[in-house]
Amino acid sequence: TAPVATPGAEAKVFADVVQPALIKRCGGCHGEKKQKADLRVDSLAALLKGGETGPAIVPFSSKKSLIHERMTLPKTSDDFMPPDDKPGLSPDELAALEFWLDRGASPELTVAAALAPSAPDAARPALERAAGRAAGAAPPTGDDAGPADAGARD
């Protein structure tokens, strides 16, 4: 099921940034209805469990996390994700994923804490969008609309 930010609640990096991006960009092949390589990306437990090749994430190490590795391979690699010129995470979403992984992949890491001066500039747009949604800002439109179309891709 798609995550829903509670209005006025403190936005979380996983629930409000990483998970919606993964569901939107990867959920068509690795979601509730379809699990290529036995991998689901729609929950933290599923990412920790992983798929045929083991856990998708390694807390405190984006470089050892298979999900990050596959998304950062050269596009010519057979293992690059997503395949077939399907849209992957935006650069800021990928940076937010990396930031979250390197800080322990905690479901409790807040966007406010992530936006502290230590946050990488590349991750800021995705984090700021989540902070705005949690604070009750207008919902995103267009390409930032979130997981509503997650099942549209195969």
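What counts, and at which threshold
- Residues numbered from 1 in each chain as written.
- Predicted model: local features only at pLDDT ≥ 70, side-chain atom pairs only at ≥ 80, totals over all residues.
- Heavy atoms only, no water.
- Salt bridge = Lys/Arg side-chain N within 4 Å of Asp/Glu carboxyl O.
- Helix = DSSP H or I, 4+ residues; strand = E, 2+ residues; numbered from the N terminus.
- Buried < 20%, exposed > 50% of the residue type's maximum accessible area, 1.4 Å probe, protein only.
- Polar contact = N/O pair within 3.5 Å; in protein donor to acceptor, adjacent residues only side chain to side chain.
- Phe/Tyr/Trp six-rings, centres within 6.5 Å; stacked < 30°, edge-to-face > 60°.
- Bend = angle between axes of the 7 residues up to and from the residue.

Chemist: Pulling in residues and values, what's your account of the pattern of salt bridges?
Modeler: Any two side chains of opposite charge can pair, so long as their charged atoms come close to each other. Scanning all chains against the criterion turns up five salt bridges. For lysine 12, the salt bridge identified is with glutamate 108, shortest N-O distance 3.6 Å. Within this pair, whereas lysine 12 is found in the segment before α1 (13-26), its partner glutamate 108 is found in the loop between α4 (91-102) and α5 (111-114), the two being separated by 96 residues in sequence. We note a salt bridge from glutamate 93 to arginine 25, for which the minimum N-O separation is 3.9 Å. In this pair, glutamate 93 is assigned in helix α4 and arginine 25 in helix α1, connecting sequence segments 68 residues apart. Neither residue differs from the other here; glutamate 93 and arginine 25 are each classed as buried.

Chemist: I'd like a rundown of the side chain of serine 65, residues and numbers included.
Modeler: Along the chain, serine 65 turns up in the loop between α2 (44-49) and α3 (66-72). Looking at serine 65, its side chain comes within polar contact range of the main-chain oxygen of serine 61, at 2.7 Å.

Chemist: I'd love a proper account of the packing of aromatic side chains, names of residues and values included.
Modeler: Within this structure, the stated rule accounts for one aromatic pair. On the numbers, 4.9 Å between centres and 25° between planes, the contact of phenylalanine 14 with tryptophan 100 is stacked. Here phenylalanine 14, found in helix α1, pairs with tryptophan 100, found in helix α4; they are 86 residues apart in sequence, far enough to count as distant. Each member of the pair, phenylalanine 14 as well as tryptophan 100, is classed as buried.

Chemist: Run through the side chain of glutamine 19, naming residues and quoting values.
Modeler: Summarising the element assignment, glutamine 19 is placed in helix α1. Polar contacts involving the side chain of glutamine 19 include one to the main-chain carbonyl oxygen of aspartate 42, which spans 2.5 Å.

Chemist: Run through the environment of proline 87, naming residues and quoting values.
Modeler: Looking at the element boundaries, proline 87 is found in the loop between α3 and α4. The sequence separation of proline 87 and lysine 24 amounts to 63 residues, and the corresponding C-alpha distance is 9.8 Å.

Chemist: Go over unusual backbone geometry with me, naming the residues and quoting the values.
Modeler: With an omega of 0°, the peptide bond between methionine 81 and proline 82 qualifies as cis. Mapped onto the secondary structure, proline 82 falls in the loop between α3 and α4. Although it is not a glycine, aspartate 38 sits at a positive phi angle of roughly 60°. When you line up the elements, aspartate 38 lands in the loop between α1 and α2.

Chemist: Run through α1, naming residues and quoting values.
Modeler: Along α1, the largest kink reaches about 35° and is centred on glutamine 19; proline proline 20 follows within four residues of it. Counting buried residues in α1 gives 13 out of 14 residues, a clear majority hidden from the surface.

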